[in-house]
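Structure at a glance
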Amino acid sequence: MDEDGSSSIRRMSTRARKIAPKMAAALASSDNRTQAILARLDALENDNAAIETVQPMDDDDEASLDDDDQVYQKRQSKGTKRKTRQAKALEARRAPRTFLELLNEANLESLPSHVPSYLRAAVGPPSSTSRRHFCTVCGFTATYTCVQCGMRFCCIRCQTIHKDTRCLKFVA
Amino acid sequence: MPNVVVLDNGAGLVKAGIGGERDPIAVVPNCMARPLSSKKWLLADQLLSSTEDLTSATLRRPFDRGYLINPDLQSTLWSHIFTTLLKITPSQSSLLLTEPLFTLPSIQRSVDELVFEEFNFKSLFVSDCPSLAHLYEASRSPYGMVSKTQCSLVVDCGFSFTHAAPVFQNFTLNYGVKRLDLGGKALTNYLKELVSYRSVNVMDESFTMDDVKEKLCFVSLDVARDLQIARKKGKDNHFRCTYVLPDGITHTKGFVKDPDEANRYLSLGDGASVLSERKDDPNQLGVIEKPEDRRTVDLSKNEFSLTNERFIVPEMIFRPADLGMNQAGIAACILRAVNSCHPFLHPVLYKSIILTGGSTRFPQFAERLEKELRPLVPAKYPVNISSQEDPILGVWRGGSLLASSPDFDAMCVTKAEYEELGSARCRRRFLH
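Quick notes on the rules
Residues numbered from 1 in each chain as written. Chains lettered and ligands numbered in written order. Predicted model: local features only at pLDDT ≥ 70, side-chain atom pairs only at ≥ 80, totals over all residues. Heavy atoms only, no water. Helix = DSSP H or I, 4+ residues; strand = E, 2+ residues; numbered from the N terminus. Buried < 20%, exposed > 50% of the residue type's maximum accessible area, 1.4 Å probe, protein only. Contact = heavy atoms within 4.5 Å. Areas by Shrake-Rupley, 256 points an atom, 1.4 Å probe, with all protein chains shown as cover. Pairing = 2+ DSSP bridges. Axes fitted to C-alpha atoms, helices over the stretch in contact; angles between N-to-C directions. Buried area = accessible area lost by both parts, 1.4 Å probe. Salt bridge = Lys/Arg side-chain N within 4 Å of Asp/Glu carboxyl O. Polar contact = N/O pair within 3.5 Å; in protein donor to acceptor, adjacent residues only side chain to side chain. Nonpolar A, V, L, I, M, F, W, Y, C, P; charged D, E, K, R; others polar. pLDDT = per-residue confidence, 0-100.

**Brief notes about the overall build of chain A**
A count of helices and strands for chain A gives eight helices and two strands. When its helices and strands are written in sequence order, chain A yields α-α-α-α-α-α-α-β-β-α. When each of the 172 residues of chain A is scored for burial, the buried share is 22%. Within chain A, counting contacts between residues at least 6 apart in sequence, those at least 24 apart form 21% of the total. Carbon and sulfur atoms provide 54% of the accessible area of chain A, an area that totals close to 13100 Å².

**With respect to the environment of Thr-250 of chain B**
Residue and element names in this part refer to chain B. Position of Thr-250 relative to the elements: it lies in the loop between β15 (241-244) and β16 (255-256). Of the residues examined, Thr-250 reaches a relative accessible area of 64% and is grouped as exposed. Sequence spacing of Thr-250 and Lys-87 is 163 residues, and the spatial spacing of their C-alpha atoms is 35 Å.

**Regarding the sheet that holds strand β2 (residues 13-18) of chain B**
Residues and elements named next belong to chain B. An order of β3-β2-β1-β9-β10-β20 is seen for the six strands of this open sheet, with the pairing classed as mixed. One side of each edge strand has no neighbouring strand; the edge strands of this open sheet are β3 (26-29) and β20 (413-414). Pairing of strand β10 (residues 123-128) with β20, which is carried by two bridges, proceeds in the antiparallel orientation. Within the sheet, the bridge partner assigned to Leu-124 lies in β20 and is Val-413. Seen against the sheet, helix α1 (residues 71-86) touches β1 (4-9), β2, β3 and β9 (94-99) and runs at an angle of roughly 135 degrees to β1. Helix α3 (residues 129-140) contacts β1, β9 and β10 of the sheet and is inclined by roughly 85 degrees relative to β10.

**Details of the interface of chain A and chain B**
Listed as interface residues are 48 residues of chain A and, on the opposing side, 52 residues of chain B. Summed over both sides, the interface of chain A with chain B buries roughly 4500 Å², with 54% coming from carbon and sulfur. For the interface between chain A and chain B, the tally reads four salt bridges. Measuring nitrogen to oxygen at the nearest pair gives 2.3 Å for the salt bridge that ties Arg-40 of chain A to Glu-193 of chain B. In this structure, the connection of chain A to chain B is made through 19 residue pairs in polar contact (both at pLDDT 80 or more). Elements that contribute at least two residues to the side of chain A that touches chain B include exactly α3 (32-43), α7 (99-106) and α8 (156-165) of chain A. In terms of residue class, the side of chain A that touches chain B is made up of 27 nonpolar, eleven polar and ten charged.

**Describing the pairing of β15 of chain B**
Residues and elements named next belong to chain B. Of the two faces of β15, both are covered, the one formed by Cys-241 and Tyr-243 as well as the one formed by Thr-242 and Val-244. Pairing analysis gives four bridges linking β15 to strand β17 (residues 303-306), with the strands arranged antiparallel. From the neighbouring strand, Thr-242 faces β17, where its bridge partner is Ser-305. Pairing analysis gives two bridges linking β15 to β16, with the strands arranged antiparallel.

**Here's the deal with the side chain of Gln-74 of chain B**
Residues and elements named next belong to chain B. Tracing the backbone shows Gln-74 in helix α1. The exposure class of Gln-74 is buried, given its relative accessible area of 0%. For Gln-74, the side chain forms a polar contact with the side chain of Asn-30, separated by 3.3 Å. The residues contacting Gln-74, other than those within four sequence positions of it, are Asn-9, Asn-30, Pro-62, Phe-63, Leu-68 and Leu-114.

**So, the sheet that holds strand β6 (residues 58-60) of chain B**
One open sheet accounts for three strands, arranged β5-β4-β6 (chain B); its pairing is antiparallel. Each edge of the sheet is formed by a strand with only one pairing partner; in this case those strands are β5 (42-43) and β6 of chain B.

**Details of unusual backbone geometry**
Residue and element names in this part refer to chain B. Phi at Arg-65 is positive, roughly 50 degrees, even though this residue is not glycine. Although it is not a glycine, Lys-87 adopts a positive phi angle of roughly 55 degrees. Judged by its relative accessible area of 63%, Lys-87 falls in the exposed class.

**So, the confidence of the model for chain B**
All names here are of chain B. Mean pLDDT over chain B works out to 84, with 91% of the residues at or above the 70 mark. The lowest-confidence element of chain B is helix α8 (residues 259-262), averaging 76 in pLDDT; the highest-confidence one is strand β12 (residues 162-168), averaging 93. The low-confidence segment residues 270-295 (pLDDT under 50) makes 27 contacts with residues lying over four places distant or belonging to another chain. The ipTM, which scores confidence in the relative placement of chains, is 0.72 for this predicted complex, and the corresponding pTM is 0.82.

Printed below as a string of structure tokens:
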């Protein structure tokens, strides 16, 4: 309780937290499977399969664990001009922001309820919750659910393939 | 002579041309890409040339989730299009630009900056896609339903999302618009994911997979039946089709191995002609040696077979819930869009549904939509769905018509007005 009271006075980081609403929902849910589904849906909007995972790596140079790497990088950084904090901030401002960041910034929730906006134009959930399930291995109607990760399969052969290849790949 | 540039700036394709003409000069991808082998970024139309090898190319698009987020990249692409393809000087021409519905004010501001401060256009008019598609349809049949009632429901199934938008008196009723967050990009990526898991890794081949999707995917009229057929072996399987990936030596673009094979599903239309189909193609003899089963497809030949993926992928537009999305399908989307309008409009809207956008080009899309929609709509209202003759260019042609109308100049915001009033107040003139 005391901790809570003092935290309001304590100096907080001014860094704006950038979390997409979908990711926030996923992080809030303790269910690994929901997280996996949301992550997969998010991946459907990617332009490049590989680049998105590589890009975050190059903005922190010091993160490498290898000693050799560090030595190499130090040597390299002498030649090139070291980036100041200001330069980094400038670069961040110039870098394009994702649509979800812009959406959060626009603060559409604050509009009165009769004003049509991006958020209110979404179709909303389906009227029936029934869902067809397709086998994740072969694509036909799936009857069974994997007990470990919740993905679907249709027969024992597909189950074996599923277990060997991608079981728990998206969850864990 | 007034010179109006009409620019339908889609997330997938830019359609650019001069107002008053029938067809745009350039229909090019709105992205830049860098092939693995080179360091140079290829822009828009350079991606379409047949000599470029785009295997594992890295892509950059100015759009994210349907909205313009990277104005710098867009400006590079536009200046390339304006100088090399359209050959116009922006300072002497007006611009008619399309913008997605519900564009955020911050994005609108950056677009205005781009148009007036970077390119120095004389004047600008911003329109939304549904009203332009409506305008074009109305002009095509002056005595038809759409132009008599001045009212239609435009279903725009594009690259990033699908909108069902009621249009009345050439204005989109924005309180009635419903959006489904699925479009061509998500479908391509879904197909990529399926093929990569089941046969060959194609996660980096955006352009090839776009081609596969356009050539091979279709909308199934009866999913349960088609799944049964897709399970069959050999020639009873009307859906199996092989696509050959580019090898970089003899051909840089992929192709469908046997075009006849690709169209065999059409014979299934009524379900009765399944048996008669088998006898009447003697040209199939040469193909008999081809691998009969998915598992025996020779991976070294760089080809893969599709069966149920061909219709499961577009199926997601009709049932996004199957993908795990918490959104209703396109039929419910239309229903909710109509229901949010005045009841007097309901019968007219159901009678004049217009399909536009590249993702409606899947074969049998309109038939399936009618089949889904009919049970949802009250029986007293007739349902009539019409596809545009060219769904990709429909919006552009509407823009071209608008640009050639006599009062177009009066509707524009000029550069002087923009400098005087700023972005937000200029935008009010466009009434959206």
